[in-house]
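Residues per chain are reported as follows:
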Amino acid sequence: MTIAYIAETAGVSVPTVSKVLNGRTGVSDETRARIEELIHRYGYRKPPKNRSNLVELVFRELENMWAVEIIRGVERAARRNKVGVLVSEFGLQDNPTRTIDDTLGRRPQCVLSVAQLSEPEREQLKAKGIPFVVFDPNEELPDGVPFVGATNWRGGQAATRHLIGLGHRRIAMITGPDHPFCLARHAGYSSALGEAGLPVDPDLVVKTLLTREDGCTAAHDLLSRPDRPTAVFTANDMQALGVYQAARKLGLRIPDDLSVVG
């Protein structure tokens, strides 16, 4: 939330908002009340002094190309705003190699955390006045914790609707462990089948790990059956790559013989 956004919403200039924030005169009571209401509504806070000009991007692990894509996107946005990016890796509780204390000591402008921030970590950041956003949380967050995540249920529904729209009626799903996002994607898949009047066949749903290798094994089993599915929806793109591998081994062409959505 920025002063500029508050000003635009209130229909006033940035200096006018600044006057209200700093308790200065020269603003009518009506305008001041309107600005103060917006400040309260959006939770705007003046950034503390002595803050380093950095965004800290925190990962729990840095092991795949997905992390590279996130770093690239954050770097582009930060560059436009003339802010530096620091990438760090928090250890999990059973391997606390680096902790939130290191971040607090650096006093970044804000923290972007991939996957999760524990409640104690969130409280420590709040106490220091450091804003944070959780990226793609893997569990439900309390109200008031800002996050950016995938539309898991809607994505599963949209993918399956797309396959139904192509004419497929035997649509398999390779899903993952019982994480909330996997369960939501599976629920979206089931919903789309139900609204199209198609049965949810348990034999066409395979639960496995979210890796290319496990996706390949699961797909090989599905595609080797006499009544094989004509389309496969997977819980993530790594599994989808595995489906491509299995199809190739079995001499199936994509999309001629098989449709795949990750």
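A quick note: this is a predicted structure, and the numbers were derived from the prediction, not measured.

Colleague: So what about the sheet that holds strand β4 (residues 132-135)? Which residues, and what values?
Modeller: Overall, parallel pairing links the five strands, which are arranged β2-β1-β3-β4-β5 in an open sheet. With partners counted over all chains shown, the strands left at the sheet margins are β2 (84-89) and β5 (147-148), one partner each. Where β4 meets β5, two bridges bridge the pair, whose relative direction is parallel. Residue V134 lies in a different strand from β5, and its bridge partner there is F147.

Colleague: Just give me the short version of unusual backbone geometry, but keep the residues and values in it.
Modeller: Going from I254 to P255, the amide bond is cis rather than trans, its omega being 10°. Relative to the helices and strands, P255 is located in the loop between α10 (237-249) and β9 (259-261). Phi angles above zero are rare outside glycine, and K82 is one such case at about 55°. Accessibility expressed as a relative area gives 69% for K82, which makes it exposed. Positive phi values are uncommon outside glycine, yet R107 reaches one of about 50°. As for its position among the elements, R107 is in the loop between α5 (100-106) and β3 (110-114).

Colleague: Before we move on, can you summarise the pattern of salt bridges with the specific residues and values?
Modeller: Enumeration over the complete set of coordinates arrives at ten salt bridges. Across the salt bridge formed by R72 and E69, the nearest N and O atoms sit 2.7 Å from each other. Of the two residues, R72 and E69 both sit in helix α4 (residues 65-80), three residues apart, roughly one turn of that helix. A relative accessible area of 36% places R72 in the partly exposed class. Close ionic contact of D178 with K207 constitutes a salt bridge, the shortest N to O distance being 3.1 Å. Here the residue D178 occupies a position in the loop between β6 (171-175) and α8 (180-195), and K207 occupies one in strand β7 (residues 205-207), the gap between them amounting to 29 residues. The exposure classification of D178 matches that of K207, with both residues exposed.

Colleague: A description of the confidence of the model for the chain should follow, citing residues and the corresponding values.
Modeller: Residues of the chain with pLDDT of at least 70 account for 92%, and the chain-wide mean is 88. Below pLDDT 50 for its whole length, residues 92-97 participates in four contacts with residues either more than four positions away or in separate chains.

Colleague: Describe the packing of helix α7 (residues 152-165) against α8, listing the residues and the values that go with them.
Modeller: One can describe the packing of α7 onto α8 by two numbers: an axis separation of 7 Å at closest approach and a directional angle of 40°. Classified by the angle their axes make, α7 and α8 are oblique. α7 and α8 meet at a crossing whose hand is right-handed. Along the contact surface, α7 presents N152, W153, G156, Q157, T160, R161 and I164, while α8 presents F181, A184, R185, A187, G188, Y189, S191, A192, L193 and E195.

Colleague: An account of the sheet that holds β7 is requested, with residue identities and associated values reported.
Modeller: With parallel pairing, the four strands of this open sheet are ordered in space as β7-β6-β8-β9. The strands lining the two open edges of the sheet, one partner per strand, are β7 and β9. The average angle at which neighbouring strand axes cross in this sheet is 15°, direction not considered. Here three bridges tie strand β8 (residues 231-234) to β9, and the two strands are oriented parallel to one another.

Colleague: Any chance you could break down the pairing of β6 for me, citing the residues and the numbers?
Modeller: The buried fraction of β6 is high, at five of five residues. Residues I171, M173 and T175 of β6 are buried on one face, and the alternating residues A172 and I174, pointing to the opposite face, are buried as well. The pairing of β6 with β7 spans three bridges and is parallel. Bridge pairing in β7 links M173 to V205. With α8 bridging β6 and the parallel β7, this β-α-β connection has right-handed handedness.

Colleague: Before we move on, could you go through the nonpolar core and cite the residues and values that matter?
Modeller: Formed by 28 residues in total, the largest nonpolar core has its most connected members in I171, I174, Y189, F233, V243 and L258. Residue assignment for this core shows that the elements contributing at least two residues are α7, β6, α8, α9 (212-223), β8, α10 and β9. Of all the elements, α9 adds the most residues to this core, at five residues.

Colleague: Before we move on, can you summarise a nonpolar patch on the surface with the specific residues and values?
Modeller: A cluster of nonpolar residues, W66, F135 and V148, forms a patch on the protein surface that exposes about 280 Å² of accessible area. Its location among the elements puts W66 in helix α4.

Here is what the cut-offs are and how they apply
Residues numbered from 1 in each chain as written. Predicted model: local features only at pLDDT ≥ 70, side-chain atom pairs only at ≥ 80, totals over all residues. Heavy atoms only, no water. Pairing = 2+ DSSP bridges. Helix = DSSP H or I, 4+ residues; strand = E, 2+ residues; numbered from the N terminus. Buried < 20%, exposed > 50% of the residue type's maximum accessible area, 1.4 Å probe, protein only. Salt bridge = Lys/Arg side-chain N within 4 Å of Asp/Glu carboxyl O. pLDDT = per-residue confidence, 0-100. Contact = heavy atoms within 4.5 Å. Axes fitted to C-alpha atoms, helices over the stretch in contact; angles between N-to-C directions. Parallel < 35°, antiparallel > 145°, perpendicular 65-115°, else oblique. Left-handed = near helix turned anticlockwise from the far one by under 90°. Right-handed = clockwise from strand over helix to strand, strands pointing away. Core = buried A, V, L, I, M, F, W, Y, C linked by side-chain atoms within 4.5 Å. Patch = residues over 30% accessible without salt bridge, like charges linked within 9 Å, V, L, I, M, F, W, Y side chains within 5 Å. Areas by Shrake-Rupley, 256 points an atom, 1.4 Å probe, with all protein chains shown as cover.

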